[in-house]
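Coordinate analysis (summary)
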Amino acid sequence: MTQHTIGIIMNGVTGRMGTNQHLLRSIKEIIAQGGVKISDDEVIMPDPILVGRNEAKLQELCKRSGVQKYTTDLESVLADPNYQVYFDAQVTGRRAPAIKKAIQAGKHIYCEKPTGTTTEEALELYELAEAAGLKHGVVQDKLWLPGMLKLKRLMENDFFGKILSVRGEFGYWVFEGHSVPAQRPSWNYRKEDDGGIIVDMLCHWRYVLDHLFGNVKAVSCLGATHIEERIDEKGNPYKCTADDACYATFELEGDVIAHFNSSWTVRVRRDDLLTLQVDGTKGSAVAGLRECYIQHYGNTPKPVWNPDIEQPINFYEGWSKVPQQEPFDNAFKAQWELFLKHLVKDTPFPWGLKEGAKGVQLAEKGIESWEKRCWVNIDEL
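Residues numbered from 1 in each chain as written. Predicted model: local features only at pLDDT ≥ 70, side-chain atom pairs only at ≥ 80, totals over all residues. Heavy atoms only, no water.

Looking now at the overall build of the protein chain. What the protein chain contains, in helices and strands, is nine helices and 18 strands. The globule rule puts the C-alpha radius of gyration for 381 residues at 21 Å, and the 22 Å found for the protein chain is close to it. Principal-axis analysis of the C-alpha atoms places the extent of the protein chain at approximately 75 × 55 × 40 Å. Split into buried and exposed, the 381 residues of the protein chain put 51% on the buried side. Pairs at least 24 residues apart make up 70% of the contacts formed inside the protein chain by residues separated by at least 6 positions. Counting every atom, the protein chain has about 18,500 Å² of accessible surface; 49% of that belongs to carbon and sulfur. Counting 45 positive and 53 negative side-chain charges, the protein chain places the centres of these two groups 2 Å from one another. (Helix = DSSP H or I, 4+ residues; strand = E, 2+ residues; numbered from the N terminus. Rg over C-alpha atoms; globule rule 2.2 N^0.38 Å. Buried < 20%, exposed > 50% of the residue type's maximum accessible area, 1.4 Å probe, protein only. Contact = heavy atoms within 4.5 Å. Areas by Shrake-Rupley, 256 points an atom, 1.4 Å probe, with all protein chains shown as cover. Lys, Arg positive; Asp, Glu negative; His and termini not counted. Charge placed at Lys NZ, Arg CZ, Asp CG, Glu CD.)

Here's what the structure looks like:
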């Protein structure tokens, strides 16, 4: 058996997403399954070291995950040749400076998004990594969600015909903290700390739209700060300076129109925290994180507008659930495995730092559209 051991510097995994999705449900699970299998006699095995500023949190996380090594000294581990990969899940403002150091140290890069606080900064990371001949990837997890994969299969089988529009609904009520504790960190609601739902979610919608439905050509965006005061982690009130809701329309290649409502101030009455409705000439689908429901042209009801009588049509009855035709792994773990294969076997991996820069670009253009109250074109990077 040939085992390729890949040392991974994991910086910022003491946060919620880094702990749960990247460490416990991805790297720990890959190690537990015996690595990433390439063939019957070849495997890739991650060898992580946890990095952060709080030693107590790192020690606790090592106990939870079974990872043996941690450090609060990023510089020393960047100088260690046993670690070939640098992974970053820190808050946005710390990400680009740390990635630059990792590139200078000759580390391959895998990181969360947004990859920078500006398009220029994010694009510079791509250019630096390319110039150094390093491999790089950006987490674009929603592409591997079961619901999105089912949508992709439907498209591959021409279920929709010509796709006309995409409608996304994302969000939930994030408690302010006055009576019920908040379930998101306070920096998300402070612009000065790189918070805001536009910066957070338009990075996601860029890769979802580009890779599933067509490249984004233009955006019209309206943001809002609906909740003006929240309570931070220490129990202190603070003024919310970042947007907590975003209402955006996108023009895509192929004359497809997409509209996404993203909000941390909405109560959910839909199938999931994220739903995408895709309408085409032959049929429609509504996908959540895991499930997908379809209505073919032949199953489409023919309603007539009449507000004076009870609605005679149950509009849910004409939809059928897409069956589970294949097993689906954790979306973050699936992309980690693809990136590790890319490192060792040079298999294709199109979700690099340039794709990350595109996400930052769309967020910037969304904010520009909001400020100018107009449509803004999305130029090629």
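Moving on to helix α6 (residues 146-156). The complete set of buried residues in α6 reads Pro146, Gly147, Met148, Leu149, Lys150, Leu151 and Leu154. Buried residues in α6 make contact with α7 (197-212), β14 (274-280), β15 (283-287) and β16 (292-296). One or two residues past the end of α6 sits Asp158, with phi positive at roughly 55 degrees.

Turning next to the sheet that holds strand β17 (residues 320-321). Pairing is mixed across the open sheet formed by nine strands, whose spatial order is β17-β16-β15-β14-β8-β13-β12-β9-β18. Only two strands of the sheet have a single partner each, and these edge strands are β17 and β18 (376-377). Two strands pair when backbone bridges link them, and strand β9 (residues 216-224) and strand β12 (residues 245-252) are joined in this way by eight bridges, in the antiparallel orientation. Bridging across to β12, Gly223 finds its partner in Cys246. α6 contacts β8 (163-171), β14, β15 and β16 of the sheet and is inclined by roughly 165 degrees relative to β15. Sheet strands touched by helix α9 (residues 353-372): β9, β12 and β18. Its angle to β9, the strand with the most contacts, is close to 60 degrees. (Pairing = 2+ DSSP bridges. Axes fitted to C-alpha atoms, helices over the stretch in contact; angles between N-to-C directions.)

So, about the pattern of salt bridges. Evaluated as defined, the whole model comprises 24 salt bridges. Measuring nitrogen to oxygen at the nearest pair gives 3.2 Å for the salt bridge that ties Arg95 to Asp88. What makes Asp88 buried here is its relative accessible area of 0%. Here Glu291 makes a salt bridge to Lys150, at a shortest N to O gap of 3.4 Å. Placement of the pair is Glu291 in the loop between β15 and β16 and Lys150 in helix α6, with a sequence separation of 141 residues. Accessibility expressed as a relative area gives 32% for Glu291, which makes it partly exposed. Three or more residues joined by partner-sharing salt bridges are found here, namely Glu112, Lys113, Asp141 and Lys142. (Salt bridge = Lys/Arg side-chain N within 4 Å of Asp/Glu carboxyl O.)

Before going further, it helps to spend a moment on the packing of aromatic side chains. Scanning all chains against the criterion turns up 14 aromatic pairs. Judged by centre distance (5.8 Å) and plane angle (70 degrees), the rings of Phe170 and Trp205 are edge-to-face. Residue Phe170 is found in strand β8, and its partner Trp205 is found in helix α7; the two are separated by 35 residues along the sequence. You can call Phe170 buried: its relative accessible area is 12%. A relative accessible area of 1% places Trp205 in the buried class. (Phe/Tyr/Trp six-rings, centres within 6.5 Å; stacked < 30°, edge-to-face > 60°.)

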